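Results of the structural survey
Okay, here's what each chain looks like letter by letter:
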Amino acid sequence: TWKDEGEELEVVFQVPSSTGKKDVKIEFRRQEIRMLKPEAKTLKLYKAVDIDGCSWTLGSGQIVVTLEKCAAEPWPQLLK
């Protein structure tokens, strides 16, 4: 799931609750998120994000990815 929060986007991935921080590997690109672990996924984003403003956190059974937009305008969709 995802939500547009003005200057940022939040993307939530469901993962097994046993997933630890060492089990997660995510790479941020200008218009792409690449999750390498715990499962391989590549998301091609609707518009560019500021890589330095991107991060992720691990909660109970989910990874929450926060993306900082290059331009604080609404996105009608997450993916290209």
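Structural data are supplied above this passage.
What comes next concerns the included structure. (Residues numbered from 1 in each chain as written. Predicted model: local features only at pLDDT ≥ 70, side-chain atom pairs only at ≥ 80, totals over all residues. Heavy atoms only, no water.)

Considerations on the packing of aromatic side chains
On inspection of all chains with the given rule, the structure shows one aromatic pair. Over the aromatic face of W56 sits the side chain of K21, whose NZ or CZ is 5.1 Å from the ring centroid. (Phe/Tyr/Trp six-rings, centres within 6.5 Å; stacked < 30°, edge-to-face > 60°. Lys NZ or Arg CZ within 6 Å of the ring centre and 35° of its normal.)

A look at the nonpolar core
Within the largest apolar cluster, 18 residues are counted, with the highest numbers of intra-cluster contacts made by I26, I63, V65 and L67. Counting only elements with at least two residues in this core, the list comes to β2 (8-14), β3 (25-29), β4 (32-37), β6 (49-59) and β7 (62-69). What L67 contacts, discounting residues up to four positions off in sequence, is E7, E8, L9, V11, F28, I33, L45, V49, G53 and C54. (Core = buried A, V, L, I, M, F, W, Y, C linked by side-chain atoms within 4.5 Å. Buried < 20%, exposed > 50% of the residue type's maximum accessible area, 1.4 Å probe, protein only. Helix = DSSP H or I, 4+ residues; strand = E, 2+ residues; numbered from the N terminus. Contact = heavy atoms within 4.5 Å.)

Thoughts on the pattern of salt bridges
Any two side chains of opposite charge can pair, on the condition that their charged atoms come close. Under the criterion given, the structure shown has eight salt bridges. Here K44 makes a salt bridge to E32, at a shortest N to O gap of 2.6 Å. Placement of K44 in strand β5 (residues 41-44) and of E32 in strand β4 is noted, with a sequence separation of 12 residues between them. Residue class for E32 comes out buried when judged on its relative accessible area of 10%. Between E39 and K41 there is a salt bridge, with the nearest N and O atoms lying 3.9 Å from each other. Shared partners join several salt bridges into a network, and the residues in it are K3, E5 and E10. (Salt bridge = Lys/Arg side-chain N within 4 Å of Asp/Glu carboxyl O.)

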